[in-house]
Each structure stands twice: as structure tokens, then as C-alpha cells.
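Residue-level structure breakdown
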Amino acid sequence: MNEIFTQQPHRRWNALRGEWVIVSPHRTQRPWQGQTEDTTVPTAPQYDPKCYLCPGNERAGGAITPQYTETYVFENDYAALKSDVPHAEFDMNNAGLLRATTERGICRVLCFDPRHDLTLATMPVASIRNVVDVWAAQEAELGAREDVSYVQIFENRGAMMGASNPHPHGQIWATEHVPNEATVELAAQQKFFAENGKPLLAEYLRLELAQNERIVASNDTWVALVPFWAVWPFEVLLLPREAVAHMHSLSAPQRDGLADILKAVTAGYNRVFDTPFPYSMGFHPAPADGEAHEEWVLHAHFYPPLLRSATVRKFMVGFELLGSPQRDITPESAAATLRTAIGKETR
């Protein structure tokens with residue numbers, strides 16, 4: 001890239017969302033006098049008698065978590081969505097301004113492992129592969145329902161990202177309508193496919209592999225990179241080398257590769273600032289509407305908040321809320337840091 005784009009303020013186009021991101025590399029020189037985070041992380045035991053996700057313990061709603069040995073899925077005891085909500089719509093004076101509609105859905109919790117002290121970063125790859133298989137099975141099961149249009153798989157890791165329980169787990173929300181983020185990405189990918197006859201993310205990955213500037217890890221089936229349009233400081237995008245629209249469509253080698261690269265990225269995160277890295281991570285499969293969706297490529301987003309150190313985080317406030325997204329360190333600089341932390345040669 002031209003040197004001006006590594007040292008001077010500029011805008012980058014987010015092709016997946018159809019919006020601009022402001023990059024301000026010079027701001028890394030400013031002193032920080034804002035909030036800093038507590039980096040104290042209590043040592044977690046293998047089993048916590050007070051944790052409702054540990055095997056054999058009672059959950060808040062009174063149910064008993066069984067003595068599971070690998071993974072465990074259950075309906076969220078305090079689900080944000082319900083499947084039995086009667087349909088209703090509201091539109092004040094049919095003006096399209098004060099509108100509401102009911103939303104049905106299913107919320108499940110997936111315990112990755114019975115051990116309380118593990119994370120994706122510390123679990124064996126074979127155990128992560130079990131998680132990948134459950135994700136795929138859940139997507140297939142929930143996506144087949146007539147009242148489900150989208151299956152969102154995600155994990156919040158760390159108290160900084162709102163995780164209320166450190167036990168290794170994630171969530172699966174199946175919604176009646178396609179959520180906002182997936183709707184935006186769907187429109188961009190459909191438009192690109194209609195104009196170019198190729199999936200947007202497949203073509204984007206081809207360009208990234210050729211440039212090899214923002215790749216942070218890869219294997220035979222998956223690539224992890226800091227996207228050209230990244231907003232969060234150490235944001236990572238996971239893409240399959242061979243386009244596939246749904247998790248349940250992944251081949252055995254692709255599932256093996258996904259488990260491997262999840263381990264590489266999350267373990268690498270922890271080495272960036274020598275601290276357990278907080279993040280929100282989630283997969284975006286194609287909508288569950290029975291269509292082929294040739295335009296869609298399954299992918300995962302990692303959004304970690306840490307910026308300069310284990311104690312300084314990125315805040316999405318001010319101009320980010322009122323104007324447009326903005327970042328300080330360039331995606332290329334972040335990728336270099338992550339490559340070093342992951343400690344693997346890309347290929």
C-alpha cells in the first residue's frame with residue numbers, strides 16, 4: 001500500500017457492510033489518561049461447586065446440569081426469545097414510524113467442556129472439534145424449523161465483554177427473522193454476486209492471500225486475517241478456503257481445520273498482552289430459508305476490545321456512535337502483532 005495509508009488519516013471501504021471506516025494511525029502517539037482495566041484474573045479450578053455450568057450443579061432456575069463428559073447443550077433458563085409467542089403487529093396510523101412485531105426464537109447454551117478452567121485457547125484441538133460438530137448439528141436442526149430464519153452462534157469471552165460465567169461456553173440463538181448484521185451482509189454479498197458472478201468473500205480472500213499482508217494464521221482449509229476494513233483493534237475474520245454457506249455443510253477436513261485455527265487464534269490472542277484476551281466471536285452462516293445462497297460464504301468474526309495493552313480498551317463512543325467507525329492502529333500493524341503472537345508461519 002502507498003505509504004500515506006500507513007501514516008496518515010484515511011478511509012477504508014467495508015465491502016461486507018457497504019460503509020466506510022476511518023483509520024487514524026497517528027493517534028497511537030497520544031498519551032492515554034482514560035480508563036484502564038483490572039488485569040487480575042483469578043485462578044479457576046477444574047470444578048467450581050458454585051458454577052451452574054459445571055457437571056452436576058444446580059442452575060439458577062432449579063434444573064440440574066448433568067454429568068456431561070464432552071459438550072452439553074440446553075435451553076437457556078432465562079432466554080431472550082420464546083418459541084410460543086403469538087403473532088402480533090403494530091403500526092401507528094400505518095405511517096411506518098411507530099412499528100412493532102412479535103419475534104419468536106430459541107436460545108440455547110453450549111458448554112464447550114466440563115472443565116471449568118478451560119477456554120478455546122487452552123482446550124485440545126480434538127475437544128474443539130467436538131464443539132464444531134455440535135455447532136453444525138445445532139445449525140442444521142434449528143435451521144430446519146419453519147419458524148426459524150437465522151441461526152446465530154456466538155461466544156462472549158471475559159468479563160469485559162459481559163460474560164457472567166467464566167466456564168467455557170457459548171450461545172446459539174435461532175430467530176424468526178434475519179438479524180440486522182446478517183441482513184446488511186446479505187445485501188452486500190447478493191449485490192456483488194449479481195454484478196460479478198462470484199461470492200464477495202471468496203474473491204476478497206483471493207486478494208488477501210495474494211497480498212499476504214493481513215493474514216495472521218492459516219491451514220489447508222481456513223484462513224484467519226485482520227480484515228482490510230477492521231474496526232476493532234485486533235479484529236479477526238475467519239474464512240474457509242473453499243466457499244461453503246452453512247456450518248452443517250462443512251466437510252470433515254474443513255471441521256478439523258476450523259478447530260485448529262480457532263485454537264491458533266484464541267491462544268495467539270492471549271499472548272499479545274500476556275493476558276486472557278476478551279472478545280465477542282460469532283459465525284455468520286447464510287439465512288436458513290431453504291435457498292442455495294451461492295453468494296454467501298460462511299465466516300466468523302472476532303471482536304476483541306483491547307487496544308494498547310491489557311489495561312487499555314477501545315471505546316466505541318463519540319464520533320464512532322454519531323459519525324462512523326474509527327480505529328487508531330492500522331490493520332496491517334495489528335496483523336503483524338498477531339502473527340508474532342500466534343507464532344505460526346502462514347502458507
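Scroll up to find the structure this text is about.
This section reports on the structure supplied with the text. Because the structure is predicted, anything quoted here is derived from the model rather than measured.

Sheets are built from strands that pair by backbone hydrogen bonding, the pairs being arranged parallel or antiparallel. Within the open sheet, the 3 strands sit side by side as β1-β2-β14. Their pairing is mixed. Since the sheet does not close on itself, it has two edges, and those belong to β1 (10–14) and β14 (326–327), each with one partner. Of the pairings in the sheet, the one linking β1 to strand β2 (residues 19–23) comprises 5 bridges and is antiparallel in character. By the bridge assignment for β2, Arg 11 is matched with Ile 22.

With that out of the way, let us pick up the packing of helix α2 (residues 125–143) against helix α5 (residues 252–272). Orientation of α2 relative to α5, taken along the N-to-C sense of each, is 120°, at an axis distance of 8 Å. As summarised for this structure, α2 and α5 are arranged oblique, according to the angle between their axes. In this structure, α2 meets α5 at a crossing whose hand is right-handed. On α5, the residues that touch Val 125, Ile 128, Arg 129, Val 132, Asp 133, Trp 135 and Ala 136 of α2 are Ala 252, Arg 255, Asp 256, Leu 258, Ala 259, Asp 260, Leu 262 and Lys 263. Classifying every residue of the contact of α2 with α5 gives 9 nonpolar, no polar and 6 charged.

Right, let's talk about the environment of Val 148 for a bit. Residue placement: Val 148 occurs in the loop between α2 and β7 (150–157). Taking C-alpha positions, Val 148 is 6.9 Å from Ala 288, a pair spaced 140 residues apart along the chain. Ignoring sequence-local partners within four residues, the contact set of Val 148 consists of Leu 142, Gly 143, Ala 174, Thr 175 and Ala 288.

Okay, the environment of Asn 130 next. Here Asn 130 lies in helix α2. Relative accessible area serves as the criterion here: at 24%, Asn 130 is assigned to the partly exposed category. Between the alpha carbons of Asn 130 and Asp 220 there is a distance of 19 Å; along the sequence they are 90 residues apart.

Let us now look at the pattern of salt bridges. Taken as a whole, this structure holds 19 salt bridges when the rule is applied. Here Glu 195 ties to Lys 191 by a salt bridge, and the two come within 2.8 Å at their closest N and O atoms. One end of the pair is Glu 195 and the other is Lys 191, both in helix α3 (residues 180–196) and 4 residues apart, which spans about a single turn. A residue is classified by how much of its surface remains accessible, and Glu 195, at 54% relative accessible area, is exposed. Judged by its relative accessible area of 51%, Lys 191 falls in the exposed class. We note a salt bridge from Glu 203 to Arg 206, for which the minimum N-O separation is 2.7 Å. Of this pair, Glu 203 and Arg 206 both sit in helix α4 (residues 200–211), 3 residues apart, which is roughly one turn of the helix. Judged by relative accessible area, Glu 203 falls into the buried class, the value being 16%. Through salt bridges with shared partners, one network takes in Arg 12, Glu 208, Glu 213, Arg 214 and Glu 332.

On to the packing of aromatic side chains. For the structure shown, the criterion picks out 14 aromatic pairs. Summarising the aromatic geometry, the rings of Tyr 68 and Tyr 72 are spaced 5.3 Å apart at their centres and angled 25° between planes, so their arrangement reads as stacked. Ring plane angle 5° and centroid distance 4.8 Å describe the contact between Tyr 269 and Phe 277, whose orientation is recorded as stacked. Taking the relative accessible area as the measure of exposure, Tyr 269 reaches 0% and is therefore buried.

The next subject is the side chain of Gln 152. One can find Gln 152 in strand β7. Classification of Gln 152 as buried rests on a relative accessible area of 17%. Here the side chain of Gln 152 touches Phe 283 through a polar contact of 2.8 Å, landing on its backbone oxygen. Not counting residues up to four positions away in its chain, the partners in contact with Gln 152 are Gln 171, Ile 172, Trp 173, Gly 282, Phe 283 and His 284.

Let's shift gears to the layout of surface pockets. In this approach, a probe sized like a water molecule rolls over the atoms, and the result shows the empty space that is left. Its boundaries defined by the atoms lining it, the second largest pocket holds a volume of some 660 Å³. If you trace the second largest pocket, you find 23 residues lining it, with Glu 181, Trp 232, His 284, His 301 and Tyr 303 closest to the centre. Class assignment for the residues of the lining of the second largest pocket results in 11 nonpolar, 7 polar and 5 charged.

This paragraph deals with the sheet that holds strand β6 (residues 105–111). Ordered in space as β3-β6-β8-β7-β12-β13-β11-β10-β9, the 9 strands form an open sheet in which the pairing is antiparallel. A strand with exactly one partner marks an edge of an open sheet, and here the two such strands are β3 (72–75) and β9 (215–218). Adjacent strand axes in the sheet meet at a mean angle of 20° when their direction is disregarded. Two elements, strand β11 (residues 236–240) and strand β13 (residues 299–303), share 3 bridges in a ladder whose sense is antiparallel. Paired with Leu 238 across the bridge in β13 is Ala 300. Along the sheet face, α2 touches β3, β6, β7, β8 (169–175) and β12 (279–284) and points at about 165° away from the line of β6. Packing against the sheet, α4 makes contact with β9, β10 (222–225), β11 and β13, and its axis sits at approximately 110° to β11.

What counts and how
- Residues numbered from 1 in each chain as written.
- Predicted model: local features only at pLDDT ≥ 70, side-chain atom pairs only at ≥ 80, totals over all residues.
- Heavy atoms only, no water.
- Pairing = 2+ DSSP bridges.
- Helix = DSSP H or I, 4+ residues; strand = E, 2+ residues; numbered from the N terminus.
- Axes fitted to C-alpha atoms, helices over the stretch in contact; angles between N-to-C directions.
- Parallel < 35°, antiparallel > 145°, perpendicular 65-115°, else oblique.
- Left-handed = near helix turned anticlockwise from the far one by under 90°.
- Contact = heavy atoms within 4.5 Å.
- Nonpolar A, V, L, I, M, F, W, Y, C, P; charged D, E, K, R; others polar.
- Buried < 20%, exposed > 50% of the residue type's maximum accessible area, 1.4 Å probe, protein only.
- Salt bridge = Lys/Arg side-chain N within 4 Å of Asp/Glu carboxyl O.
- Phe/Tyr/Trp six-rings, centres within 6.5 Å; stacked < 30°, edge-to-face > 60°.
- Polar contact = N/O pair within 3.5 Å; in protein donor to acceptor, adjacent residues only side chain to side chain.
- 1 Å grid on protein atoms, 1.4 Å probe; cavity = no way out; pocket = protein on both sides within 12 Å on 5 of 7 lines; lining within 4 Å.
- Points joined across faces, edges and corners; volume = space filled by probe spheres on them.

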